[in-house]
Every structure is written in C-alpha cells, then in structure tokens.
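Reading the structure
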Amino acid sequence: MSRLIIEGGKPLRGSVDISGAKNSALAIVVAAALATEGESVLDNIPQGSDVATICQILEDLGVEIWYDEDRRLHVRGQTLRKHQASYELVRKMRASFYSAGLLLARLGKAEVPLPGGCAIGSRPVDFHIKGFSQLGADVVIEHGYMKAETTRLKGAHIYINRASVGTTINLMIAASLAEGTTVLENAAKEPEVVDLAIFLNGMGAKVRGAGTDSIRIDGVDQLRGIEYSIIPDRIEAGTFMLAAAITGGDVVLRNVVAEHLRVPIVKMEEAGVTVTRSGTELRVVAPERLRSVDVETLPYPGFPTDLQQPFVAAMCLADGTSVVRETIFDRFRYVDELRRMGADIKTEQNTAIVRGVPQLTGAPVEITDLRAGAALAIAALAAQGRTELYGVEIIDRGYELFEAKLRSLGANIYREQLTSPKELVTR
Ligand code: UD1
C-alpha cells in the first residue's frame, strides 16, 4: 500500500512521452493469442497492472507470453489449452472478459466469470453474451460464470444495442475465426477498435469498416503472429493536457495522434488553452486562468467519458460555471473528494454543475477509480498546499510511470509506502 503526496502550485513545464494505449493493448494482447502460427511481437505496450493482469490470464490459459529486453511483448497462442478463466484473475478487471471471445474462437468452449459491479456503476456484459449466442454458441449463466460452447462459431448479423467498445472488441475477436461473415451494426468507432482491426488484418483476418458503425468480418480458418506497435494513449495525453492547463503550464506531449483528441482539444481551446500541433507532438499553453466550458460525454468521436473526471477537476478552477453531463457511466462519486479540496460542485443525476472557485486546498483524498485518480491528482497539482492521495494502486492500473512523468514536468510529487497496521498479539 502506498500514497502519493503532491505539493501543489507549480506550473508544469517541459515535454513528456505519451505511452501506448492501455485499452488497445488489452484487446490486442488477447487477439494475438488467436494465432496458431508464429508469434506476435507487440511494441509500445504500456506498463500498468491491467496489462499485467491480462498477460497473467492468458498465461494461465496456456498462452506463452513474455517481454524481451526491449520491453516488446511476445505472444504465442499455439499452446492455448484451458477453457476456464480463473475468477481470482478475471475479477480484477472487466476487460478480462475478452478472454471469452478468444476461447470461443480458438477452442469452441469458454467458462469465464461474469465481471461484477465496479466503482463507476453497474457494467453488465449482456451485449457480449447476446453476441456470442448470435454467433451460434450455446450459452448458460451458472454459478457466476458464463459457460459457452459451440463446434465452430458461425457468422451472423448482430445489432449492438449501445455502441459498446468492449462488445465490439470481443465480437471482432470471436468472429475473426468464425465460419462465414459477421456484420456488427452500431459498432463502437473508438480508435482502439480501429487499432485492433488493423492488427487482426495484419494477422490475416478480414475486417472491414472499423471506425464506422458497421463492421464486416469475413471469418478465416487461421491467423498468424505479426509485429505490431500499439497506438498512443489518447486518454493519458488528454490527462497531461488538462494537468498542464490547470497549473498554468506549457507542456509538449510527444507520441500523440492529435486526430484522436479532436473534441477534447476543441473543449480545451474553448477554455482558453492554446494547442499547437506539429507532427506527432502537441504543445499545450495554458492561460493564466481557464474559462468554464460545458461538456457532454459521448461515444467516439464525442468527448470521452474517460476524460470527464479530469476535465471536471480542471473546471473547478475556471472562471464561471460549467455543466458536465455524463451519458456513459455512473461516474460522479469522486466529486465528494474534490469538494473536500474546496471545489464547488453540485450533481443532479448524471449532471455536474461546477462553479469555479478562486483556490483549491490540499487535503487527504481517496481514489475511487482510475480516472478519478487522475482527476484528483490534477486538482492536487493546482491546489494550495499538500494533498495525500490514497488508493494510488488504482492509478497504476492504467497510467505508466505516472508520478515520474509529472515530476519530469516539474511537479512536486512523490510516493510514500504505507506501513500496514501491526497485528495485535493475542495472548
Ligand atoms: C471501454 C473502456 C473504458 C471506456 C468505455 C467507454 C476498455 C478496457 N475500457 O469500457 O475505458 O470508459 O469503453 O468509452 O476499453 N453496456 C451494457 N451491456 C454490455 C456492455 C456495455 O449495458 O454488455 C453499457 C455500459 O454499461 C455503458 C455503455 O454500454 O453504459 C458503454 O460501455 P462500453 O463501451 O462497453 O465500455 P467498456 O468496453 O466496458
């Protein structure tokens, strides 16, 4: 157990490298195990405990997976044998459910625990399960597990009720080795879905239309491993942009795809931030004080829900009142912690009304979920005095070298190990 200590008030300055996209990596590492020929060598894989968890799950299922000295991840799927995913591992992360698509495609059999609730509300997997049935699997839900079986998945025309990222990814993985053609209607259009499609096609799959709401997958009999480099993490990039913005900083982000951040950039510009693009770099220059901006989260290309919390944090110190509407998840629990730092935020159902205050003050706060952790850190960077962030392991799930990167930009941030309370000695 550890906590992050941040002494706020220093403008961030300098340049920082953005890591590979966690959400792409989670999908692509699983998809790599579809291959029964050769091995995949994956570059730009971000270090974080979510990626470590998906690797452990695959290893437990029999996949050979290891890092070389250049931190490239090697995946060999030939040895995939086991069709039961371990609850101990799967319970840590919802994206573990991608293993179901893999197992059905490769072994025609999957027993995967259903993900439980999480800190950003109930997150069911009913669309995934319905999709597997439509692909011809016999599915039962028993003892907290999804148990599915088929001789070989068969292509189908599937309408996804909401443009769900996870469902689109899971069904793309499953349908790649199915017999015949699958069409996913109302598919998610996120860059991570496109990244997965490019990777799958490199392996020999036939996926067309990724990035639009209709994806067509012509199933093939076999896939082979390839070398591939994951796209940059747009959410990490957006988080550092907001950290620069709230501290009155001047930061260059390296290794970004500006196009993936189109709407967040527009919103930051509305708030008075100057954003300049040059190739794969983005320079973010903050005004003395931000202006309030209204935001509504939407599926891509709309404003990402994963930046809602960091954006609200930045708006806490803006001039005026911002109205932020969250349409994807139930993601406002963290505002109680921001209030403890002096923020003026009211929430009504899925809307937060943020009145900018002249100053935030450091406080001990508890991280409730990954992006809440980023939001609290952003607020702390601009707050007066010292903030202690508890639950920092949650940040480690999805941000590589979080405090080291912030420190390289001049932030006063460090990690402190917490000693666990001594056990009582019973006599
Ligand atoms: C992914 C991202 C997450 C991001 C989210 C939305 C990963 C690992 N995680 O999560 O960072 O915030 O997309 O961009 O890539 N839903 C159902 N039933 C289902 C599936 C989804 O009702 O079977 C609902 C969800 O509760 C949510 C909405 O659909 O309200 C969208 O969720 P989805 O896009 O599936 O999010 P994830 O894939 O879980």
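Residues numbered from 1 in each chain as written. Predicted model: local features only at pLDDT ≥ 70, side-chain atom pairs only at ≥ 80, totals over all residues. Heavy atoms only, no water.

1. With respect to the environment of Ala 380
Mapped onto the elements of the fold, Ala 380 is located in helix H12 (residues 370-382). Judged by its relative accessible area of 0%, Ala 380 falls in the buried class. A sequence separation of 18 residues divides Ala 380 from Gly 362, and the C-alpha atoms of the two residues are 6.2 Å apart. (Helix = DSSP H or I, 4+ residues; strand = E, 2+ residues; numbered from the N terminus. Buried < 20%, exposed > 50% of the residue type's maximum accessible area, 1.4 Å probe, protein only.)

2. Focus: the domain arrangement of the chain
Split into domains, the chain comes out as domain 1 (2-19 + 232-426) and domain 2 (22-229). Between domain 1 and domain 2, the residue contacts involve 26 residues of the former and 21 residues of the latter. On the domain 1 side of the contact with domain 2, Tyr 300, Arg 397 and Glu 400 bury the most area, a combined 32% of that side's loss. Between Glu 192 and Arg 234 there is a salt bridge whose closest N-O contact spans 2.9 Å. Run the count over domain 1 and domain 2 and you get 8 residue pairs in polar contact (both at pLDDT 80 or more). When contributions to the side of domain 1 that touches domain 2 are tallied by element, the ones reaching two or more residues are H12 and helix H13 (393-396). When its residues are assigned to classes, the side of domain 1 that touches domain 2 shows 8 nonpolar, 6 polar and 12 charged. (Domains from an automatic or database assignment. Contact = heavy atoms within 4.5 Å. Buried area = accessible area lost by both parts, 1.4 Å probe. Salt bridge = Lys/Arg side-chain N within 4 Å of Asp/Glu carboxyl O. Polar contact = N/O pair within 3.5 Å; in protein donor to acceptor, adjacent residues only side chain to side chain. Nonpolar A, V, L, I, M, F, W, Y, C, P; charged D, E, K, R; others polar.)

3. Overview of empty space enclosed by the protein
Scanning the entire structure with this criterion turns up 4 cavities of 30 Å³ or more. Volume-wise, the largest cavity comes out at about 60 Å³. In this structure, the largest cavity is lined by Phe 127, Lys 130, Gly 131, Gln 134, Ile 158, Tyr 159, Ile 160, Asn 161, Thr 167 and Leu 171. Counting residues per element, the ones that place at least two in the lining of the largest cavity are helix H5 (126-134), strand E9 (157-159) and helix H6 (165-175). Ranked by residue count, the leading element in the lining of the largest cavity is H5, at 4 residues. (1 Å grid on protein atoms, 1.4 Å probe; cavity = no way out; pocket = protein on both sides within 12 Å on 5 of 7 lines; lining within 4 Å. Points joined across faces, edges and corners; volume = space filled by probe spheres on them.)

4. Some points on the pattern of salt bridges
Throughout the structure, instances matching the rule amount to 27 salt bridges. With a closest N to O distance of 3.6 Å, Asp 50 and Lys 22 form a salt bridge. Highlighted residues: Asp 50 in helix H2 (residues 49-60) and Lys 22 in helix H1 (residues 22-32), separated in sequence by 28 residues. Note on accessibility: Asp 50 and Lys 22 belong to one class, buried.

5. A closer look at the sheet that holds strand E17 (residues 295-296)
The strand order across the open sheet formed by 4 strands is E17-E18-E20-E19, and the pairing between neighbours is mixed. Each edge of the open sheet carries a strand with a single partner, namely E17 and strand E19 (344-348). In terms of strand pairing, E19 meets strand E20 (residues 351-355) through 5 bridges, oriented antiparallel. Following the sheet pairing, Asp 344 is matched in E20 by Arg 355. Seen against the sheet, helix H10 (residues 308-315) touches E17, strand E18 (321-325), E19 and E20 and runs at an angle of roughly 170 degrees to E18. (Pairing = 2+ DSSP bridges. Axes fitted to C-alpha atoms, helices over the stretch in contact; angles between N-to-C directions.)

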